[in-house]
Each structure stands twice: as structure tokens, then as C-alpha cells.
Protein chains: 4
Amino acid sequence: METNQLRGMIPPMITPLLDNNHLDLEGVDRLTEHLIAGGVHGIFLLGTTGEAQSLAYHLRYELVERVCARVAGRIPVLVGITDTSLEESVKLAYKAKECGATAVVAASPYYFAPSQPELVEYFTALANAVPLPLYLYNMPSHVKVMLEPSTVWALASHPNIIGLKDSSANMCYFQSLLHLLRDKENFSLYVGPEELTAECVMMGAAGAINGGANLFPKLYVDLYNAAARYDIETVHQLQQQVMTICSTIYTIGRYGSSYLKGVKCALSLLGICNDYISYPYQKFRDAEREKVRAALESVGAKNLIR
Amino acid sequence: METNQLRGMIPPMITPLLDNNHLDLEGVDRLTEHLIAGGVHGIFLLGTTGEAQSLAYHLRYELVERVCARVAGRIPVLVGITDTSLEESVKLAYKAKECGATAVVAASPYYFAPSQPELVEYFTALANAVPLPLYLYNMPSHVKVMLEPSTVWALASHPNIIGLKDSSANMCYFQSLLHLLRDKENFSLYVGPEELTAECVMMGAAGAINGGANLFPKLYVDLYNAAARYDIETVHQLQQQVMTICSTIYTIGRYGSSYLKGVKCALSLLGICNDYISYPYQKFRDAEREKVRAALESVGAKNLIR
Amino acid sequence: METNQLRGMIPPMITPLLDNNHLDLEGVDRLTEHLIAGGVHGIFLLGTTGEAQSLAYHLRYELVERVCARVAGRIPVLVGITDTSLEESVKLAYKAKECGATAVVAASPYYFAPSQPELVEYFTALANAVPLPLYLYNMPSHVKVMLEPSTVWALASHPNIIGLKDSSANMCYFQSLLHLLRDKENFSLYVGPEELTAECVMMGAAGAINGGANLFPKLYVDLYNAAARYDIETVHQLQQQVMTICSTIYTIGRYGSSYLKGVKCALSLLGICNDYISYPYQKFRDAEREKVRAALESVGAKNLIR
Amino acid sequence: METNQLRGMIPPMITPLLDNNHLDLEGVDRLTEHLIAGGVHGIFLLGTTGEAQSLAYHLRYELVERVCARVAGRIPVLVGITDTSLEESVKLAYKAKECGATAVVAASPYYFAPSQPELVEYFTALANAVPLPLYLYNMPSHVKVMLEPSTVWALASHPNIIGLKDSSANMCYFQSLLHLLRDKENFSLYVGPEELTAECVMMGAAGAINGGANLFPKLYVDLYNAAARYDIETVHQLQQQVMTICSTIYTIGRYGSSYLKGVKCALSLLGICNDYISYPYQKFRDAEREKVRAALESVGAKNLIR
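Each value, and the rule that gives it
- Each residue is numbered by its place in its chain's sequence as written, counting from 1.
- Whichever chain is written first is A, and whichever ligand is written first is 1; the rest continue in order.
- The predicted origin of the model limits local features to residues at a pLDDT of at least 70 and limits the giving and counting of side-chain atom pairs to 80 or more, whereas totals for whole chains, interfaces and linings rest on all residues.
- With hydrogens and water excluded, all non-hydrogen atoms of the structure serve as input to the side-chain values.
- We call two residues in contact when some of their heavy atoms are within 4.5 Å.
- Accessible area that two parts lose when put together, with a 1.4 Å probe and added across both, is what the buried area reports.
- Salt bridges are defined by distance alone: a side-chain nitrogen of Lys or Arg within 4 Å of a carboxyl oxygen of Asp or Glu.
- Polar contact criterion, stated in full: a pair of N or O atoms within 3.5 Å, where within protein one must be able to donate a hydrogen and the other to accept it, and residues adjacent in sequence count only if both atoms are side-chain atoms.
- Put simply, DSSP H or I for four residues or longer makes a helix, DSSP E for two residues or longer makes a strand, and each gets a number counted from the N terminus.
- By this rule the span expected of a helix is its residue count minus one, scaled by 1.5 Å.
- Type-normalised accessible area, obtained with a 1.4 Å probe on protein chains alone, sets the label of each residue: buried when under 20%, exposed when over 50%, and partly exposed for intermediate values.
- The copies are overlaid by a least-squares fit using only the C-alpha atoms of residues whose pLDDT is at least 70 in both copies.
- Note on residue classes: Ala, Val, Leu, Ile, Met, Phe, Trp, Tyr, Cys and Pro are nonpolar, Asp, Glu, Lys and Arg are charged, and everything else, Gly too, is polar.
- Each pair of strands is called paired provided DSSP finds at least two bridges between the two strands.

Explanation requested: the interface of chain D and chain C in the structure shown.
Quite often, the size of an interface is put as the accessible area lost when its parts meet. The partner chain C presents 25 residues to the 25 residues of chain D that form the contact. Roughly 2,100 Å² of surface becomes buried between chain D and chain C when both sides are summed, with 67% attributable to carbon and sulfur atoms. Remark: the boundary between chain D and chain C carries zero salt bridges. Counting across the interface, chain D meets chain C through ten residue pairs in polar contact (both at pLDDT 80 or more). Sorting the residues of the side of chain D that touches chain C by element identifies α7 (171–180), α8 (197–203) and α10 (232–246) of chain D as the ones contributing at least two each. Per-element tally for the side of chain D that touches chain C: the top contributor is α10(D), with eight residues.

Just to check I follow, could you spell out helix α3 (residues 86–99) of chain C for this structure?
Every α-helical turn comprises 3.6 residues, leaving residues that sit three or four positions apart pointing alike. The terminal C-alpha atoms of α3(C), which comprises 14 residues, lie 20 Å apart, in line with the 20 Å expected from a rise of 1.5 Å per residue. Of all 14 residues in α3(C), ten are buried, a share of seventy percent or more. What α3(C) keeps buried is the set L86(C), E87(C), E88(C), S89(C), V90(C), L92(C), A93(C), K95(C), A96(C) and C99(C). Residues of α3(C) that are buried make contact with α2 (57–71) of chain B together with α2 (57–71), β5 (77–80), β6 (103–107) and α4 (116–129) of chain C. At the exit of α3(C) stands G100(C), carrying a positive phi of roughly 100°.

How should I be thinking about the relation of the copies chain C and chain B in this particular structure?
For the pair of chain copies, the relating transformation is a rotation about an axis with a translation along it. Least-squares fitting of chain C to chain B yields an RMSD of 0.0 Å, with the transformation described by 0.0 Å of translation along the axis and a rotation of 180°. Between the two chains, the operation in question is that of a two-fold axis. Across chain C, the rotation axis passes nearest the C-alpha of Y110(C), at a separation of 3.6 Å. Comparing interface residues between copies, 100% of those in chain C also sit at the interface in chain B, which points to an isologous, same-surface contact.

Honestly, the interface of chain C and chain B in this entry has me stumped. Any pointers?
Each partner contributes to the interface: chain C provides 44 residues, whereas chain B provides 44 residues. Its largest share of buried area at the contact with chain B, chain C owes to Y111(C), F112(C) and P280(C), together 22% of the area lost on that side. Counting across the chain C and chain B interface gives four salt bridges. Put simply, E118(B) and K261(C) hold a salt bridge, and the shortest N to O gap is 3.1 Å. Elements represented by at least two residues in the side of chain C that touches chain B include exactly α2, α3, α4, α5 (140–143) and α11 (258–269) of chain C. A breakdown of the residues in the side of chain C that touches chain B according to their chemical character gives 21 nonpolar, 13 polar and ten charged.

Is there a simple way to think about the pattern of salt bridges in this case?
Should their charged atoms come close, side chains of opposite charge can pair. On inspection of all chains with the given rule, the structure shows 64 salt bridges over all chains. A salt bridge links E33(A) to R70(A), with the shortest nitrogen-to-oxygen separation between them at 2.9 Å. Here the residue E33(A) occupies a position in helix α1 (residues 25–37), and R70(A) occupies one in helix α2 (residues 57–71), the gap between them amounting to 37 residues. With a shortest N-O distance of 2.4 Å, E65(C) and K95(C) are connected by a salt bridge. In this pair, E65(C) sits in helix α2 while K95(C) sits in helix α3, placing the two residues 30 residues apart along the sequence. By relative accessible area, which is 43% here, E65(C) ends up partly exposed. Residues participating in the shared-partner salt-bridge network are D29(A), E33(A), R66(A), R70(A) and R74(A).

Can you help me understand the sheet that holds strand β6 (residues 103–107) of chain B in this one?
The strands making up a sheet associate through hydrogen bonds between their backbones, and the pairing can be parallel or antiparallel. Residues and elements named next belong to chain B. Across the sheet, which stays open at both edges, the eight strands sit in the order β1-β10-β9-β8-β7-β6-β5-β4 with parallel pairing between neighbours. Single-partner strands in this sheet number two, and they are β1 (8–9) and β4 (43–45). The pairing of β1 with strand β10 (residues 207–208) spans two bridges and is classified as parallel. By the bridge assignment, M9 is partnered in β10 with A208.

Structure representation (C-alpha cells):
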């Protein structure tokens, strides 16, 4: 399989932690197996949902090592190397290569807000320097800049840049990319927000990178598959289930961190891994945990709660 | 037909002008007939594409009068009453009622940026005061505030509020509304950006309010119809045509006004109406006009150019 | 006195209302006299604090008429003509001229977000069309666009554009304008936020347009005068009083409307005028009113409360 | 001298580089001596102007070591430890302590956008963990969140948090902090943008952290001193010089990176250090370099150019 043809549901794996300095290694293994058992088409480590930026570097390296060893080639592993320092991105990419990962993924540097020409220069330098194929990652809410369609167009002809994940939720942007890149057979588009997986795949996306697939991988794989075969009745039905998850498990707590806290808390309730969250966030306290439990029951997962 | 069941393609009509103080009355008539001949399911006057806020009040009144008289009940007419002054919105709604319009449409007041509870109070007062059914209009790029899902939910139970047009292009938001309001049979959702019509309608939207339908009403009606019957092959084919229009006719010129200038210029080239644009904008000069001509030719409309 | 040399404290007058359709005419007169008695150097009608955009047009016209008649030439009257329709701005400017106003003030049109070249064209057209000298008004939080220094520079050479009020609170911007326009003797800069009056005037501003001057005109006039004569000890002392007002009277209530509600409520408690607020806002209920009363007492205005 | 009483001009030192992986060590030494010779009251390493986030970690450590050794206690050295990972911030703080630095400085984590309560928890944990006094750094344009006054108020009572640098340019915010913290004798406020040094110091700030002081330390020290002694005539004169620098040297090039590129290029022309810039930026090419040379001449620094 060529990496540039990766299609399907690729969960952005959360990072199981014991505390700010230690991985929950058993949780990492259990979650990896949980995802593979659910039929996912790949795993994406160290993305936004993986709290990459919040982790000390040694944890990032350990995670890549552990998951790649566990997966052992069964499915592709993508590794997020997003950093403000190009050198640190490249080092992590070498580590990923050494561990057997399939490709790397990078958003724009996120302290400065580069202009579009600067982004072309940056990603060209990065693609030249990393030893694995590179996916772009459009994440304007966190990095402050869009990868404008003309920028993506310029980068798509680089032989080592093979696709883009879009988490903007701006579907005019995504449709522009689908249209602009329609003849680039070796460049694939993936959608981040799970609310949009069905429509994006029906309209031409290669796959989806959905946080909820950490919890219920089979459901998200089924949604991808239904959309990919244009089975709209099934899509409508599964979309309701996904939207119910989005509107319950992710909406406990008052801030932007509710989604991440909800996913980690739910995974803990499902007995898969610890729910510690790195600074600047904190895991849910008991009151919120009980609400997540109730939310899990409301989405029909009562029997899965440990 | 009940207005709250309006389905289909409803163009946001541009406002043909001779200058800042005079309608192009013959253009208004020709455009109205052009739209009806294209099979549109309704007409929306005085929206963003209609430059409502840029027009002196007497022009807004004259436009409603002229179009309603010309349509003469053949299809529904929706009238935008968005204003910063509630009183001026209500006055225009009475004019619309008097002329025979079907419903009115209002975005948030757009000078102050009200909080969500203030928006609930505002739209409740507006819905109570207007003599026609009211559609909400979510347009955050222009009015600075989103109508949050919980706000829409609160307003959707008002008997005189019958739907919402969303121009945010944020499809997570739109999916949230589709999910939240799935059991509200008398509340309909419409999508603004034409890039998103296909996917929105396939996922459950009642219709679309697309600026490009001013130019090629039949194409946009066909797109709506294909999506409504889940005919994905046809959707893919027509989507390419719409995306080609979006990426050519709307992208001449350097600023956010390119879309509006492009549509008006193209309508002028098609012999339908004058391309004067109200302040703060200006119509395209000759160089840009030639580019629009070339763009029209590239989308296969050469034989339509007068 | 030439209008382009207007210096000092010019309150942006609130608009006393009985309800959404009627001015509180006696309140208008009392407030006008209150300001003049406080020694203000001018009055600015129909600004943001004046709720201009929320008022039906007939109220805007009545207010200009009433205040100009009452002032009767004792001090300059500036009239806000900010509108999304250039024609409506011009009409109001003619009304202002007819009533004897001194100058008009306009922010950018605020529905569309024009580019900087479009703003130059717009304000040039407006300055050409109005029968009174024009002040620019930079208010990005409400109109979405900045009047960039290069735009102001271009407009400052128009013979009918004589100054700018900046409400951005971005002092790098204001310092850029002071520096860029340092040799334009007939172009004056005014600051909006009262927190910044002292420093702006000491650094070269011609005056200030502070909402709090509705309440305590003498205090704000004194602050301006102390800053204008570089009396830093007095500045520091009066600044504390102004900051105490800002951090008490304006911070009751949870939303962006707290400032306006606080000022109107306090004026009502001081017996000067009614506190009705136009949609989309609402006046404070009793609980908040009691807090404003306590805030007035805390700033030493207990004996003024009626 | 206690660190919490640091007053004066503290340049945010640029980081002299040979390439993406090597410091310009001789440039580091020359720049350090240049600043001390100019009379600065402290040096701030690894801030925004120091490109901290763009540097590989080993370079950050080497820089702290080199500068602290060179300064050798002559003036205080502050070290930026801003990071998205709390653990990496703490490690760098220990390195700073070991090298003899005086204090550390941290902005909010900048990938996620924490809520205000999460910021209180984060900075409390950080202040507890670092072995040196901590200054907060408000930099919303780069980290996406403001440190709201109430958040600063809560943190100001932590015994290890001794001040805040504000780079927001929002002077209403700065005045709010001055007012709110007026009785906190052990908490100091510093201003970032050099355009605002004069007014901030006259209104009560303890000092300024101005990028231009890398180039002309004595000028910026003089400006601070004039403001601190309320010598307004001198302030006005020096302010013009600073504004001329801001409007020439920093405005070559088309993007947000113009300031940094201009400062580094000018330092290179002055013979102080190499002008290499880390990704995602690039140093100026020859055409821009000539413009910087002309700008230096225009500000009277011709004789300093090597």
C-alpha cells in the first residue's frame, strides 16, 4: 500500500498519561488494540487530540516508540511533528521513521503567524528535511493561520507532500481544495471534525481523522464506509449517533477543553486508559465524571462502562 | 402552500441599480423573469447579495414593490428586513406584507454585538412585531455574532419564527442545528454558500439561498434537485460546474467584494441588468470586466453573453 | 473659532428615550444643560454611546433638532452620520447643517467590511457630498475594519476632512497617527476611551470624546485640562477617579452592553433623564440598578442621586 | 536589589544565529556588551523578539549560558520560558537558575487557548515549580488569549509572581492593571511596544521591554528616564525619534515578520551580529537590506553602519 492512498477512518489517538511526566503504558497498549479491533484504517499520534504540544518531549518519543511497536505494521501509523521549531519537527520525524511509522503530519508553526509565502517556504524546507512522507494539517483555530488554497496548491506538487487534514470546519475551504486538487491523484484530503465526515467523504474526501473514534472505533469506521459507498440511509442513521455523542459527551464543562476532557474521561469509564490530562488542562472532577457516565449511557454504551 | 415548508433553490436576488439613487427597473423585471424561467422555488430580496444595507431606504421599498408586483404570486417572495433599528425592520416588514411578500428574513443587528440572551429578546420582539413569518439569518462574518444553537433552539419554538438561513460556512454549526432541530417539523434550515448546497441538502437542509443562482438559475435548481433525490453522480457533476463558477467569476478583484462585483458584472454581460454597485463598493472597471467575460466563456456561457 | 481647531472634552451624548419610538425631550434638555454647565468644549450626538444605529431615523432627526436648538451656538455640536448607506449619511448631514451643527462624524459602513482602497473612495465621496466638515471615526470593534494609517494619511489631505476620533484603544495605532500627521495642522486627533484621555492628550491629541463625561462633565474637563498643561500630579489623581468609575459603574451586568446600560442607569439615578435603551439592548432591572446606585455612592456621587 | 523592583529599560534581546542550528557566539557577546554600554537596566532573553519558539532547545540552553556568563552579574538577566509544555518550561527555568539568571518570564501556553480559570491553575503550578521569580507575559496576538485583569489579580498574590509584561498594545487593559494593582508594591508592570513606553511610564509602569533597544540602547534608556522624571519636552523629542525608527526600519517587507527582520538586518549593518533568522522566517534579501541601510541613515545612524 502506498501511503498516499490511505483511505478510511484514522483516529487521532489520545495520549494515555499517568501524570505530567509518565505515559500510561498499559493504557496505550489497550487503546491501540481497541482501535485496531474496531477496524480503523490507520492511527494518528500526537495530534491536537493527542495533546502533543502539552507533552514533554521525552513523552512524545516514548509514545511513538510504544505504539509503533504494538501496531507492528498491522495498520499505518501517522505521527504529528507539529512544532514551532523546524529542527525539533525534523528530529521527531527521524524518530518516527526509526520506529517504523508510515508518515508524518505537520500544522503550521504556531507562535508566530507566518504569511502564506513564508508557509510555502517553511513546508518546503520541512518536506525536504523529513525522512517520511508529509501530510499538511490545517488547524487555524490553534495556529492562527489558514493554509490558503493557493498555498496548498503550491505545496501539493512537492513529491514528499501527500495530503492534508483539514480541521477548520469551513466547508467552503474544503470544497475549494477538493475542486482545486481534483486531478492530483497522489494528494489526499482528510476531514477532522466528525460532524463532517459523512458529507466530506460523499463529496470526495479520502478519509476522516475523528476524535470520537477513540471511543467507538467501529461506529466511525461504519460511518466512513457508508459514506464511501454512498449509502445515504445508513449515513443518516449513523450521523445521528455521532451527533448525539458530539452533543453530549463533548459538551460537559464550560470551556474549549470540554471535548478533550470528555473523550479522556469516557475512555477511563470504558476501562481503556487513565484520564489524566496535561497542563494547561485538568481532568474532570467527580461531578463532571458522573455527567460523562450519564452521557455514555444515553448513547447506548452503558454495558461498556467498567 | 405553507411558508414553513418552503423547499428548494431560492436565489438571493441582486439589486439592479442605475446609480446610488435609482433602481434599474427594467433590469429588475428581466432578472425576476430570468429567475422564474430557471425554475427557482422562491426569491429572497434585500439580503447581503442584494446590498440591502447599502441602499437608501426609498430604494428598498421600491424594490419590494416592483418585484412583488412582477412575481404576482407565481413563487414565494422573501424580504430581508435586517437592520440595526428594530423599528425600521418592522416598517419594512409591513411594506413587504402590503406588497404581497410571503415572509421576512432578519440577521442580528450589526452595529452592536449583542449577547445570546439579548439576541433571544431581540428576535422575540421582532417576531412579535412583524406581520409575516420570520426566518432567522446567521451571518457572523457581517454581523459579528453567531446565532448559537441554544439561541436558535429557544427561538424555534416561537410560532412566528419558521426557519434559518446559515451563511457561516461552518458545517459543524449547521450539523448541530440539523441535529438539534430534527423534530421541529415547522422549522426549516437553508444554506447560503453555494459550495455547500449539495452536502447540506443531502444531510437534511430544506433548501439553499445561493448567489450564483442569479446567473444560472437552472443549474442551481438542478443541483438542489439532484441532492434532494440523493443522485450522487449528478451531484458530483453539477458540483464541479458550481465550483468552477466560484473559482473564476467570483475571484476577480482583490477584496472581499469580488463576489458581488463578479455577479453583477456577469449579469450585465448576460444582458440582464446594469452592474452599478452602491457605496462602499464600486463596479468593476474595464480590465476586470474583460476577465469576467473570459470567466463566463470558461464556464460555457459564451453564447449567453450579449 | 474654526472647527478644525476644536480642542478639549467633547462628550458623546447618550440619547434620552421614553421608549423605542419617543425621545425623552425634557431629559435631552436637562442633559444638554448639565454638559454645558460642566464646561465641556463640544457635544457629539449620535455616536456609539448615543445608540445612533439602534434609533429609528425620525428619532435621529428629532434629536439633532432638539439639541442644536437648546445649545443655540454656545458650544460646537458634532453629529454622527455613520450609516451603511451613503445616501442616508448625506441626508442626515444636511439636516445637521440646517439645524446649525458644527461638523459631522462618520465611521466606516459597518455591514460590509470594505478594503482600505474602498474606504478611501467611500470617505472621499462622503466628504465631497456633505455640507459640513467631516471627522473620521475609527471604531474597529463595531465596524470590523481599521482605518489604517495610510488610509487616514490619504484622506487627511481632503479639504473637508478635519480630524479623526479613535476608539480602537490600540495606542500603537494612535501613536502612528500622531507621528504621521504631526505636520497636518488642520487635522486633529481625538481619543474615545476615557482610560486613555490623559496619556493621549499629553502625547499630542487635540481632545477626548469620553462617555463618562455624560455623568460627570466637570471631572472629565478637569482631566483634559490637567493633561493639556502637563500637570502630572493632578493627572494621576483624576485618573484614579476616572478608573474607579470605569471599574464600577461600567462593569455591572455580564455583557458588552454593560457600559451603556451603566451610564444610562446612572444618569437616571442622577435625575437627569430616563434610562430606556433601544433594542437590541434593555435597561437594567432593579437588581442591577441598585448596584449602580452603590457604585455611584462609591465614587462619591451619593449626594447627587435623586 | 530585589528583582521585584526592577525598573527601567530592559531590551528583549534578539538571538544572533549563524544558521538554524548554531548561535553566532561572537555576535551574542558583542550584542550583550552593546546593551550594557547603552545603560540598559536588564536583559530579557528568549522572548518573542528572541525567536525563542523557533529555536531548537539546545540553542535556547546555550544562549542562556553564554549571556549569563558574559553579563556576570552586572545587570539582571530575565529568561523567557514560555512553552506549550509545562515540563519544558520548568526545565529551562532550572537551567536559568543554574546559569545565574535573575528571573523567568512566561506567556500562556500557545497551542490550546486556555480559559481564564485554567490560566490561573497553569500559572500557579508554574510559579510553584520554577526556582526563580516569575513574570507573566501578556501577548494575545501570539498566544490567542488575554490574561484578563481578574486573572492577573488572582495571580498577583502568589509570592513567586512579581510582575507582568504587556505586549497587547491595548492601553485600556494596561490602565486597568495599573489601577487594579496600584497597592501591590511587589508587583511591577512593564510595557512591550516601544511606541507606548513614554506614556506608560508617565502613567505608572515600572519599565519597558522594547525591541528597538537592541539597536540603540541609549536612546531607549533616555526615553525611559525622561518619562520617569516627567520631563515632557524631552519625552516629545525622543518619542519622535522612536516613532521614526518604528515607521522606517520596521516597515520594510510586507508581512508581520517585518519588525524582526528589520531589527536583525539593522544589527548586522551595525556590525554587531549575524542576521540569520530561524524558520518559519527568512532574513531579508539584498533589496530589503539596502532599504534598511537607507532607513538607518534616515534616523541618523549613518556613521554607525559598518
